[in-house]
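Examination of the molecular architecture
Read off the chains here:
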Amino acid sequence: MSQPIRQKAYVDPSTIRDDATLFRTSIVSVTVNVTPQRRKTLQGDQILRGFIGEKEIEVVIPANRQKAVAPLLKLLQTRVQTLRAEAPKKPDLSSAGSLRQKVRIDGVWRVRVLTDSDGMPERRFQLVAARWRYRGADGVDTMFGHLPSE
């Protein structure tokens, strides 16, 4: 009687290589309040504006995790549309930039140094996300992304 053949799980080698360059230090777990404000880099990374307390940071979602971030972006966009629909009824509502979604992010810290208009260097903290979880509109916590491959 022959035994069934087990196949190894396929792991895309480019994902391992990308993870090795992005996640060089140990993974930390941080709660961040992200806003709907975002931009995309030339490499395909999504950068979300986030806050830890009153400190503004950038949350970087690497290009190889773009499919996983789509539900979060959709949730944020839905909340913006809801806010805009309610704005005529409640004139005291502030802009969509004040919307916050609490997200628990497993990732690594890095610092980006920019030069301001006075020529002085300005440090901007970035949290590169490997995995994240948040409570959706249905009240259920959902996890997206994956920890770096070894």
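Residues numbered from 1 in each chain as written. Predicted model: local features only at pLDDT ≥ 70, side-chain atom pairs only at ≥ 80, totals over all residues. Heavy atoms only, no water.

1. Details of helix H2 (residues 66-86)
Put simply, the rule reads: Elements are defined by DSSP. Helices are runs of H or I of four residues or more, strands are runs of E of two residues or more, and each kind is numbered from the N terminus. Any helix carries an expected span of 1.5 Å times its number of residues minus one. Exposure categories follow from relative accessible area, calculated using a 1.4 Å probe and restricted to protein chains: below 20% of the type maximum is buried, above 50% is exposed, and the middle band is partly exposed.
With 21 residues, H2 extends 30 Å between its outermost C-alpha atoms, agreeing within 8% with the 30 Å of an ideal straight helix rising 1.5 Å per residue. Every buried residue belonging to H2 is among Gln66, Ala68, Val69, Leu72, Leu73, Leu75, Leu76, Val80 and Leu83, and all of these are buried.

2. Remarks on the packing of aromatic side chains
To keep things clear, this is the line we draw: The pairing test for Phe, Tyr and Trp rings, Trp by its six-membered ring, is centres within 6.5 Å, and the orientation test on the planes gives stacked under 30 degrees, edge-to-face over 60, and tilted for anything in between.
Taken as a whole and assessed by the stated rule, the structure comprises one aromatic pair. Taking the centre distance of 5.5 Å and the plane angle of 20° together, the rings of Tyr134 and Phe144 count as stacked. In this pair, Tyr134 sits in strand E5 (residues 121-135) while Phe144 sits in strand E6 (residues 141-145), placing the two residues ten residues apart along the sequence. The buried category is assigned to Tyr134, whose relative accessible area is 7%. Relative accessible area serves as the criterion here: at 17%, Phe144 is assigned to the buried category.

3. Regarding the pairing of strand E2 (residues 46-52)
For a regular strand, side-chain orientation follows a simple rule: the groups alternate between the two sheet faces. Heads up, the rule is: Strand pairing is assigned whenever DSSP identifies at least 2 bridges connecting the two strands.
Along E2, five of the seven residues are buried, which leaves the element largely enclosed by surrounding structure. Both strand E1 (residues 28-40) and E2 contribute to a ladder of five bridges, which runs antiparallel. Within E2, the residue paired with Lys40 across the bridge is Gln46. Where E1 hands over to E2, the hairpin turn is made up of five residues, of which Gly44 adopts a positive phi near 95°. Sheet analysis places E2 next to strand E3 (residues 55-61), joined by seven bridges and oriented antiparallel. By the bridge assignment for E3, Leu48 is matched with Val59. Here E2 hands over to E3 after two residues, with Gly53 in that stretch at a positive phi of 65°.

4. Structural notes on the nonpolar core
Test applied: Here, nonpolar core means buried Ala, Val, Leu, Ile, Met, Phe, Trp, Tyr and Cys residues that are tied together by side-chain atoms lying within 4.5 Å of each other. The contact criterion used is simple: two residues touch if any of their non-hydrogen atoms lie within 4.5 Å.
Grouped together as the largest cluster of nonpolar side chains are 20 residues, with contacts concentrated most on Val32, Val59, Leu72, Ile105 and Trp132. Of all the secondary-structure elements, those providing two or more residues to this core are E1, E3, H2, strand E4 (101-115) and E5. Considering every element that reaches this core, the biggest residue donor is H2, with six residues. Beyond its immediate sequence surroundings of up to four residues, Val59 is in contact with Val32, Val34, Gln46, Ile47, Leu48, Ile105 and Leu127. One finds Phe23, Val60, Val128 and Ala130 within the second-largest nonpolar core, a separate group that totals six residues.

5. A word on the environment of Gln37
Convention followed: Any pair of N or O atoms that falls within 3.5 Å is considered a polar contact. Within protein, one atom must be able to donate a hydrogen and the other to accept it, and sequence-neighbouring residues count only if both atoms are side-chain atoms.
Tracing the backbone shows Gln37 in strand E1. C-alpha separation for the pair Gln37 and Ile47, spaced ten residues apart in sequence, amounts to 8.6 Å. A polar atom in the side chain of Gln37 sits 2.4 Å from the side chain of Arg49.

No statement about biological role is implied by the geometric values presented.
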